[in-house]
Amino acid sequence: MLQTKHKGRYDEIKYLLCKELPVLSQCVVRKTLENQKNLKTVATKIAMQIGCKLGGAPWALDVSRFNQRANIMFLGVDTFHDSGAKGGTRAAVAVVGTMDTASTMYVSRAFFQNARQEIGDQLANCVGYMLEEYKATSKEKRYPDTVIFYRDGVGAGQLKAVCDNEVCAIEQAIKAKSATTLMAFVVVTKRHNTRFMVESGKEMQNPNPGVVVDEGVTKPNRMDFYIVAQSVRQGTVSPTYYNVIYDSTLLTVDQIQQLTYAQCCMYFNWTGPVKVPAPCQYAHKLAFLIGQSIHDSPSEEMSNFLYYL
């Protein structure tokens with residue numbers, strides 16, 4: 001229980017409980033619980049968050065609805081500027097992956113990189129570790145048939161570098177395990193100027209959640225698409241742009257799109273769909289925590305828990 005929103009105190013607590021003495025924790029500001037009007041809603045959200053951190057899952061995904069080969073692992077990666085680094089020379093990188101077909105179990109890894117440094121080698125090590133964790137967790141003791149990798153935090157001018165460095169490194173990590181795992185590498189972009197509207201009589205309104213746009217405004221030389229995952233009460237909804245820069249899977253484009261939207265509904269910290277697939281959102285939360293508060297790699301003892309929610 002925190003008396004105020006004092007960042008320094010919060011950072012000290014998280015550093016101690018995520019690094020030095022790894023223990024799952026939940027910080028709540030006292031003022032939040034003193035609001036009797038919203039107490040039931042707040043208490044419900046806190047209880048759900050604690051349950052998820054302890055390994056619970058409020059809902060699950062039935063992957064077999066989209067693909068006969070249900071042995072799929074979803075991976076997400078994101079980066080965040082380390083506020084504790086002098087001169088902005090360091091960034092936190094987080095990787096989060098599903099460990100079961102229902103997307104209810106997760107494993108995470110985090111590391112730091114210097115500015116302008118390629119993350120391929122460290123990323124490959126993380127993927128190799130997660131493949132082993134998936135194999136150890138699965139009932140069949142086998143590697144996933146398919147890996148769908150969602151990469152956030154990539155600028156338009158970095159696509160070639162990501163393809164040459166990260167995709168190749170991950171492919172090598174899979175081959176090093178003698179696995180027959182197939183992979184799709186999807187670059188996720190949230191910041192762009194594209195918007196979609198739907199005619200409703202004489203008025204224009206936002207598309208419904210789950211709408212996919214993959215022609216007309218997409219590029220003919222790319223396997224790309226937009227997904228409107230959320231609904232908004234006011235203003236214009238912003239779709240998320242997905243660019244599949246590598247694909248060796250047996251999935252169709254429709255299946256990748258359906259699975260991507262399904263993952264947008266698997267973020268346990270929110271009861272509706274979020275803007276990006278859940279592994280991406282979890283990776284963002286983890287990168288934000290270590291880059292904003294911990295400023296160090298968290299203990300590996302925490303890697304099997306959603307401690308960063």
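Calculation notes
Residues numbered from 1 in each chain as written. Predicted model: local features only at pLDDT ≥ 70, side-chain atom pairs only at ≥ 80, totals over all residues. Heavy atoms only, no water. Core = buried A, V, L, I, M, F, W, Y, C linked by side-chain atoms within 4.5 Å. Buried < 20%, exposed > 50% of the residue type's maximum accessible area, 1.4 Å probe, protein only. Helix = DSSP H or I, 4+ residues; strand = E, 2+ residues; numbered from the N terminus. Contact = heavy atoms within 4.5 Å. Phe/Tyr/Trp six-rings, centres within 6.5 Å; stacked < 30°, edge-to-face > 60°. Lys NZ or Arg CZ within 6 Å of the ring centre and 35° of its normal. Pairing = 2+ DSSP bridges. Axes fitted to C-alpha atoms, helices over the stretch in contact; angles between N-to-C directions.

Draft legend 1. A look at the nonpolar core. By size, the foremost hydrophobic cluster in this structure holds 46 residues, and its most contacted members are Tyr 106, Ile 148, Leu 259, Tyr 282, Leu 286 and Tyr 308. The element that contributes the greatest number of residues to this core is helix 7 (residues 278-294), accounting for nine residues. In this view, Tyr 308 contacts Val 96, Ser 108, Tyr 282, Lys 285, Leu 286 and Leu 289; residues no more than four positions away in its chain are not counted.

Draft legend 2. Highlighting the packing of aromatic side chains. For the structure shown, the criterion picks out 12 aromatic pairs. With centroids separated by 5.0 Å and ring planes inclined at 70 degrees, the aromatic side chains of Phe 80 and Phe 288 adopt a geometry described as edge-to-face. With Phe 80 in strand 1 (residues 72-81) and Phe 288 in helix 7, the pair connects residues that are 208 residues apart, well separated along the chain. A centroid spacing of 4.9 Å and a plane angle of 45 degrees characterise the contact between Tyr 226 and Tyr 241, whose relative ring orientation is tilted. Of this pair, Tyr 226 sits in strand 9 (residues 223-228) while Tyr 241 sits in strand 10 (residues 240-247), and the two are 15 residues apart along the sequence. Taken together, the ring pairs connect Trp 59, Tyr 106, Tyr 267, Phe 268, Tyr 282, Tyr 307 and Tyr 308 into an aromatic cluster. Stacked on the ring of Tyr 129, the Lys or Arg Arg 109 has its end atom at 4.0 Å from the ring centre.

Draft legend 3. Here's a closer look at the environment of Phe 112. If you trace the backbone, Phe 112 turns up in strand 3 (residues 106-114). Spatially, the C-alpha atoms of Phe 112 and Gly 291 are 8.7 Å apart, while their sequence positions differ by 179 residues. Filtering out sequence-adjacent residues up to four positions away, Phe 112 remains in contact with Asp 82, Arg 90, Ala 91, Ala 92, Gln 122, Ile 290, His 295, Asp 296 and Ser 297.

Draft legend 4. Highlighting the pairing of strand 1. A large share of strand 1 lies buried, amounting to seven of its 10 residues. In this sheet, strand 4 (residues 146-151) lies alongside strand 1 in parallel orientation, the contact comprising six bridges. Pairing of Met 73 across the sheet is with Val 147, part of strand 4. As judged from the seven bridges shared by strand 1 and strand 2 (residues 90-98), these two strands associate in the antiparallel manner. When the bridges of strand 2 are listed, Asp 78 appears paired with Ala 94.

Draft legend 5. Representation of the sheet that holds strand 10 in the model. The strand order 3-2-1-4-5-10-9-8 describes an open sheet built from eight strands, whose pairing is mixed. The open sheet has two free edges, formed respectively by strand 3 and strand 8 (211-213), since each of these has just one partner strand. Strand-to-strand, the axes of this sheet are offset by a mean angle of 25 degrees, without reference to chain direction. Both strand 2 and strand 3 contribute to a ladder of nine bridges, which runs antiparallel. Note on strand 3: the bridge partner recorded for Val 96 is Ser 108. Against the sheet, helix 6 (residues 253-264) makes contact with strand 1, strand 3, strand 4, strand 8, strand 9 and strand 10, and its axis sits at roughly 35 degrees relative to strand 9, the strand it touches most.

Everything listed is a geometric property; what it means functionally is a separate question.
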